[in-house]
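If you want the building blocks of each chain, they are given just below.
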Amino acid sequence: MAQNFDPFEGKSSQYQLDLSRYFITPKEELNTLNVLLDSVKKFENNTAWDLPVLAERLDQYEHFSVELTRHILYERLLYYDNKNDTAARKRMNYDNNVASELRATVNLALTQKELSTLTEAEINQFHLDKFRYLIATIQNNTSHMLPVAGTKIINELAGSVLDRLDDRYDALMDDINKNLIFDSIGKKFNPGIRIAAIRHNKNAYIRETGAKAFLDAYAQHEEVFAATLIDIANEENALARLYNYPDAPARMYDKRLQVSEDSVKGLLNELNQHAGVLKTYQQVQAEQVKRVTGLLQIHSWDMDLPLNYTPLPQTFASARKSIIQALQPLGKDYVNHFADLLDPTQGKLDITGGKSRVTDYTGLGYPGVPITLYMKSFSGETGSIRVLIHEGGHSIHRLLMSENHIVPTNSSGPNFLFESFAILNEFLLLDELTNSSRSSDSKAFYTKAFIDDLDDQLFTCAEEGTFEQGIYDGVSAGKIKNQKDIDSLYAGIMNKYDLFFKDEPERHAEWINKRLLYDDPIYNVNYLYASLVACKLYELLHKDPENFAIHYNALLRNGFNASADDLLQKFMGFRMDETQMVEGAVGLMRKKTTDLKLLYNQPK
C-alpha cells in the first residue's frame, strides 16, 4: 500500500520547482555566467591588495561568491533532476573549481606580510570590521594554503580521480540493486530496492532469507568495494598531505569541525565506554519482539518488525501540518518561514520524484540566493517526513542568515552545527507525533523512532566514525590492504556496540552499504558532534521553553563569525564540553529507553 500511495493526491504537477527564482531563462543563466567568469578572472589578475583598497576588494569577493553560488545551485538542481544531464554536471563542477580558485586567490592575498599583522586601529580605519573573522580565519590557516595554480591542478586531478572512484561505487551499487532477485516461498523480491519491506515482513523465514540475500549480494563484490574504499583513502590522504596535514581525517576534522584529530579520537573512545546503553536498548526491543511474535531467538533483521502499530503514510498536506505543529517551540518567525517553504505555490520544493533523479536529500541556499528543498522523492512515511523537516531546517537556517545580511562567507561554519539544528527538528517532530498519539502502541512506535534516531546520530555515527578513522589510519600504516583487513576492523568495532553481530557472520561486509564512506569521505563524525549539540539544545528547550526560541533564532541568524564553542556560549550559554555533552546525550537515551519499556509493559 505504501508503495502505491500518492502523498500528493494526484496533484504532483502543482509541486514544481520554480528555477526562474535563480534565473529567468536558461539563456540568461548562460549569458550572465560568461560575464561573471570573465569578471572573476579580471579580479584574480588584479594584484592590488593594499590596505586602502582591501575592503573594496573583499566586497567584490563576497559579490562573486554569491553569484557563483547562484549558478552552481541552479546547475546542481538541473543535474539532480536528471543525472544523465552531463552538461549541467560538468558546468557545476567547473564553477565549483572556479569558486575554489577564487577562494585560494583571496586566501593568499590576505597572508601578505603587510596584511598579516592588522591592528585594531587599522581594522577600524579601513572599514574591515565585518571581515574580521574571515581575515583571522585565513591568517590562522596559512600553513595549509597552496598557490592558486597548485590549487587549480589539485582540483582537476584529485576531483577527476575521486569522481571516478565515486562513480565506480555508484555504478556497481546500481547494477546490484537492479539485478538482485531472491525467491522465497514462491515470491520474488529485490532486496536492494525492498529491503525495508523484507525486514517488515511478518514471515520470519522471508526476513532471514531476504536479509541474508541482501548482504550476500554485495559481499560477492566485496573485493572491488574494498579496493575502491582503499583507493579513496589513499587519494584523500595524499590530498591532505599536499595541504600540509598528516592525513585526511586531520584535514577534514579541522575544516569541518574545527577540532584536532586527537580530540575526535578521544570522543570516539569515550562513546565506546557507553556502548552498553545501546545494548540495553537493543535488549529491550528484542524482548518486546519475542513477546509479540513468540520467536525464541531474535536477530538484527527482526528488530524493525512492526509490532502492534504501524502508521499509515501521510499526504504531504497532512505532513506539513504535523511539521508546523512540531516546530512551534522554535517561535512564530521560524514556523512562518517553514510554512512558506512547504507551500507548494512558492516553487521552493523539488520533492515529487522521477526516474533519473540523483539520490540526494538536501536543503540548498546561500545569502542573497534563493533557497530550495530537494528530495529524490517523498513517500509520506515517517522516515520521509523526518527527512523533510531535517533538510527543510537547513534551508530555513540559510534563509535566516540571508535575511540578517551577514557577510556571505560567514554563512559557512562547522558542519556539525548545521546538522545539530536539523536534528533538533527531527526530535521535535517525533515528540509531536508521540504526544498526539492516542494509544500506548502508537506512542511506543514514535518513542522507538526517537530512540532509533538518537541511536543513528550518536552510536551508529560513533561506530562509523571509529571505522572510518581506522580505515585511514590502517591505509597510512600499510595495515589495511584488502577486504579481509577491512572486515576484521569492522567486526572488532561492531562486536562492542551490537548485541547481534557476533552471531551473524553474514553481516561481515555490511560496511559496503555505508554510502557516505564513498560519496563524502570522513563526514560521518559530523553527525556525532551534531547529535551531542542537538541533545543539549533539546535539554535547554525543555528547561526554559519561554526564552529558548529567542536565543536560538538569534544564533541561527548570526552566521559563523566565531568558533562553534564561542557561538554556543554567546547565544545558548554552554560550551563544547564533550564529556558533559556525552553524559547528557546518553542520559536522554536511557530516559527514552525507560519510557519505551514502560509503554511496552502497559496492559492492553
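Refer to the structure printed above.
One numbering rule holds for all chains: residues counted from 1, following each sequence as written. With the structure being a predicted model, the display of local features is reserved for residues of pLDDT at least 70 and the display and counting of side-chain atom pairs for 80 or more, all residues being used for whole-chain, interface and lining totals. Side-chain metrics in this entry use all non-hydrogen atoms of the structure; hydrogen atoms and water are not considered.

### Quick word on the overall build of the protein chain
1) Next: Numbered from the N terminus, helices here are DSSP runs of H or I no shorter than four residues, and strands are runs of E no shorter than two. Across its full length, the protein chain holds 23 helices and five strands.
2) Next: In this treatment the radius of gyration is a C-alpha quantity, and the globule benchmark scales as 2.2 Å times the residue count to the 0.38 power. Against the 2.2 N^0.38 benchmark of 25 Å for 604 residues, the protein chain shows a C-alpha radius of gyration of 25 Å, consistent with a compact globule.
3) Next: When its C-alpha atoms are laid out on the principal axes, the protein chain stretches across 80 × 55 × 50 Å.
4) Next: Burial classes follow relative accessibility: with a 1.4 Å probe on protein chains only, a residue under 20% of its type's maximum area counts as buried, one over 50% as exposed, and anything between as partly exposed. Within the protein chain, the fraction of its 604 residues that count as buried is 53%.
5) Next: Once local pairs closer than 6 in sequence are excluded, the contacts in the protein chain between residues at least 24 apart make up 74%.
6) Next: Each accessible area is a Shrake-Rupley result for a 1.4 Å probe, and residues are judged covered by the shown protein chains and nothing else. Looking at the protein chain as shown, the accessible area adds up to about 26,700 Å², and 50% of this sits on carbon and sulfur atoms. We call two residues in contact when some of their heavy atoms are within 4.5 Å.

### Here's the deal with the pairing of strand S4 (residues 361-366)
1) Next: Where burial is concerned, most of S4 is hidden: five out of the six residues are buried.
2) Next: Pairing between strands requires that DSSP locate at least two bridges from one strand to the other. Where S4 lies against strand S5 (residues 369-375), five bridges are found, and the strand directions are antiparallel. The partner of Leu364 across the bridge, within S5, is Thr372.
3) Next: Between the end of S4 and the start of S5, which pair antiparallel, lie two residues, with Gly368 showing a positive phi angle near 85°.

### Here's the deal with the pattern of salt bridges
1) Next: Here, a salt bridge means any side-chain nitrogen of Lys or Arg that lies within 4 Å of a carboxyl oxygen of Asp or Glu. On inspection of all chains with the given rule, the structure shows 37 salt bridges.
2) Next: Here Asp231 makes a salt bridge to Arg168, at a shortest N to O gap of 3.7 Å. With Asp231 in helix H9 (residues 222-242) and Arg168 in helix H6 (residues 148-179), this residue pair connects regions lying 63 residues apart in the sequence.
3) Next: One salt bridge in this structure joins Asp431 and Lys592, with 3.5 Å as the shortest N-O distance. Remark: Lys592 occurs in helix H23 (residues 578-600) and Asp431 occurs in helix H16 (residues 415-435); sequence separation between them is 161 residues. There is no split in this pair, since Asp431 and Lys592 are both buried.
4) Next: Through salt bridges with shared partners, a single network forms among Asp498, Glu504, Arg507 and Glu510.

### Remarks on the packing of aromatic side chains
1) Next: Here is the rule: rings of Phe, Tyr and Trp (six-membered ring for Trp) pair when centre to centre is within 6.5 Å. Planes less than 30 degrees apart are stacked, more than 60 are edge-to-face, and the remainder are tilted. This structure, assessed with the given rule, holds 30 aromatic pairs.
2) Next: Arranged with centres 6.1 Å apart and planes meeting at 55°, the rings of Tyr79 and Tyr80 form a pair that is tilted. Across the pair, exposure class does not vary: Tyr79 and Tyr80 are buried alike.
3) Next: Ring centres of Tyr334 and Phe338 lie 6.0 Å apart, and the angle between their planes is 40°; on these two criteria the pair is classed as tilted. On the criterion of helical spacing, the pair formed by Tyr334 and Phe338 is a turn pair, its members being four residues apart in helix H14 (residues 332-341). An identical accessibility class is assigned to Tyr334 and Phe338; each is buried.
4) Next: In textbook terms, an aromatic cluster arises when at least three aromatic residues are bridged by ring pairs, as seen for Phe8, Tyr15, Phe316 and Phe378.
5) Next: When the NZ atom of lysine or the CZ atom of arginine is within 6 Å of a ring's centre and also within 35 degrees of its normal, the charge is said to sit over that ring. The aromatic ring of Phe43 is capped on one face by Arg57, whose charged end is 4.2 Å from the ring centroid.

### Here we look at the environment of Gln328
1) Next: Among the structural elements, Gln328 can be located in the loop between helix H13 (316-326) and H14.
2) Next: Here Gln328 falls in the partly exposed class, since its relative accessible area comes to 39%.
3) Next: Distance in space between the C-alpha atoms of Gln328 and Leu349 is 21 Å, their sequence separation being 21 residues.

### As for the nonpolar core
1) Next: Throughout this description, the term nonpolar core refers to a set of buried Ala, Val, Leu, Ile, Met, Phe, Trp, Tyr and Cys residues connected via side-chain atoms within 4.5 Å. Core analysis: the biggest nonpolar cluster contains 140 residues, and Phe338, Trp511 and Met572 have the highest contact counts within it.
2) Next: Of all hydrophobic cores here, the second largest spans 45 residues; its members include Trp49, Ala88, Tyr366 and Tyr374.

### Digging into the side chain of Gln285
1) Next: Looking at the element boundaries, Gln285 is found in helix H12 (residues 275-293).
2) Next: Setting aside anything within four residues of it in sequence, one finds Gln285 in contact with Met303, Leu307, Lys448, Leu596 and Tyr600.

### What to know about helix H21 (residues 545-558)
1) Next: In this analysis, the expected span of each helix is defined as 1.5 Å times one less than the number of residues it contains. Over its 14 residues, H21 extends 21 Å from the first C-alpha to the last, a length consistent with the 20 Å expected when each residue adds 1.5 Å.
2) Next: For H21, the set of buried residues is Phe548, Ala549, Tyr552, Asn553, Leu555, Leu556 and Asn558.
3) Next: Its buried side turned inward, H21 meets H14, helix H15 (382-403), H16, helix H20 (524-543) and helix H22 (564-572).
4) Next: At the C-terminal side of H21, Gly559 shows a positive phi close to 80°.

### Considering the packing of helix H17 (residues 440-477) against helix H18 (residues 483-497)
1) Next: Lines fitted to C-alpha atoms define the axes, with helix axes restricted to the stretch in contact, and inter-axis angles between N-to-C directions lie between 0 and 180 degrees. Put simply, H17 and H18 touch, their axes get as near as 10 Å, and they point 150° apart. If you check the angle between H17 and H18, you find them roughly antiparallel. The chirality of how H17 crosses H18 is right-handed. Contact with H17, carried on its side by Phe459, Ala462, Glu463, Thr466, Phe467, Gly470 and Ile471, involves Ile486, Leu489, Tyr490, Ile493, Met494 and Tyr497 of H18 and no other residues of that element. Our angle categories are set so that under 35 degrees counts as roughly parallel, over 145 as roughly antiparallel, 65 to 115 as roughly perpendicular, and the remainder as oblique. Crossings are assigned a handedness: left-handed for a near helix turned anticlockwise from the far helix by less than a right angle, right-handed for a clockwise turn.

### What about the pairing of S5?
1) Next: With seven of seven residues buried, S5 is to be regarded as a mostly interior element.
2) Next: Judged from the two bridges that link them, strand S3 (residues 349-350) and S5 form a sheet pairing that is parallel. By the bridge assignment for S5, Leu349 is matched with Leu373.

### A look at the sheet that holds S3
1) Next: Read across the open sheet, the three strands follow the order S3-S5-S4; overall the sheet is mixed. Looking at the sheet topology across the chains shown, the edges are occupied by S3 and S4.
2) Next: Sheet strands in contact with helix H2 (residues 51-81) are S3, S4 and S5, and its direction is about 155° off that of S4.
3) Next: The strands touched by H15 are S4 and S5; relative to S4, the strand with the most contacts, the crossing angle is about 10°.

### What to know about the environment of Val66
1) Next: Turning to its location among the elements, Val66 is positioned in helix H2.
2) Next: Looking at Val66, the relative accessible area reads 10%, which means it is buried.
3) Next: Along the primary structure Val66 and Phe427 are separated by 361 residues, whereas in three dimensions their C-alpha atoms are 32 Å apart.
4) Next: Beyond its immediate stretch of four places on either side in the chain, Val66 contacts Tyr366, Pro367, Gly368, Val369 and Pro408.

### Structural notes on the side chain of Asp166
1) Next: Of note, Asp166 is situated in helix H6.
2) Next: Buried and without a salt bridge, Asp166 has Arg89 as its closest oppositely charged side chain, separated by 5.6 Å.
3) Next: Leaving out residues up to four positions away in the same chain, Asp166 has contacts with Tyr518 and Asp519. Counted charges follow a simple rule, with Lys and Arg positive, Asp and Glu negative, and His plus the chain ends left uncounted.

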